[in-house]
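Below, each chain spelled out in residue letters.
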Amino acid sequence: MFDFFRTKPKKYTDLKAEEFKTGMTAKDAVIIDVRTAGEFQSEKIKGARNIDLMGKGFQAQLMNLPKEKKYYIYCRSGNRSGQACDVMADMGFEQTFNLQGGVMRWPFELV
């Protein structure tokens, strides 16, 4: 009758920090930080571009991205980046990867 506990299957892959770091070095990899501009300015993973999940025009900015690339998405804790991966999957992006635990669990250098 009701499907309160039914979860939607994920259309993206959660990666631990080590796997994320290895993957983001691929030629066709794009690193996206979905935190606010302020959070992004304070510290970020080297090479990341900022597209704020909560900002105006988030989906419009995604529409300009090539769908054949691999997208490595992160935020502070992994929650917003998981939501961003869902949005991207719904838009036809097939290779999206979420950093488990976000930058809070990133053991490597931030810039």
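Please read these numbers as outputs of a predicted model, since none were measured by experiment.

The rules behind the values
- Residues numbered from 1 in each chain as written.
- Predicted model: local features only at pLDDT ≥ 70, side-chain atom pairs only at ≥ 80, totals over all residues.
- Heavy atoms only, no water.
- Pairing = 2+ DSSP bridges.
- Helix = DSSP H or I, 4+ residues; strand = E, 2+ residues; numbered from the N terminus.
- Contact = heavy atoms within 4.5 Å.
- Axes fitted to C-alpha atoms, helices over the stretch in contact; angles between N-to-C directions.
- Phe/Tyr/Trp six-rings, centres within 6.5 Å; stacked < 30°, edge-to-face > 60°.
- Buried < 20%, exposed > 50% of the residue type's maximum accessible area, 1.4 Å probe, protein only.

1. A short note on the sheet that holds strand β5 (residues 96-99)
Where strands meet in a sheet, backbone hydrogen bonds hold them as pairs that are either parallel or antiparallel.
Working step 1: With parallel pairing, five strands are arranged side by side in an open sheet as β1-β5-β4-β2-β3. Edge positions in the sheet fall to β1 (13-15) and β3 (49-50), since each has one partner strand and no second.
Working step 2: Here strand β2 (residues 29-33) pairs with β3 via two bridges, running parallel. Bridged to Ile-32 within β3 is Arg-49.
Working step 3: Contacting β4 (70-74) and β5, helix α4 (residues 79-90) runs over the sheet at an angle of about 170 degrees to β5.

2. Quick notes on the packing of aromatic side chains
Working step 1: Following the criterion strictly, the structure yields five aromatic pairs and no others.
Working step 2: Where Phe-20 meets Tyr-72, the ring centres are 5.4 Å apart and the plane angle is 85 degrees; that geometry is what we call edge-to-face. One end of the pair, Phe-20, is in helix α1 (residues 17-23); the other, Tyr-72, is in strand β4, with 52 residues separating them in the sequence.
Working step 3: Since its relative accessible area comes to 0%, Phe-20 is described here as buried.
Working step 4: Ring geometry for Phe-20 and Trp-106: centres 5.9 Å apart, planes at 85 degrees, overall edge-to-face. Taken together, the residues Phe-20 in helix α1 and Trp-106 in the segment after β5 connect sequence positions 86 residues apart.

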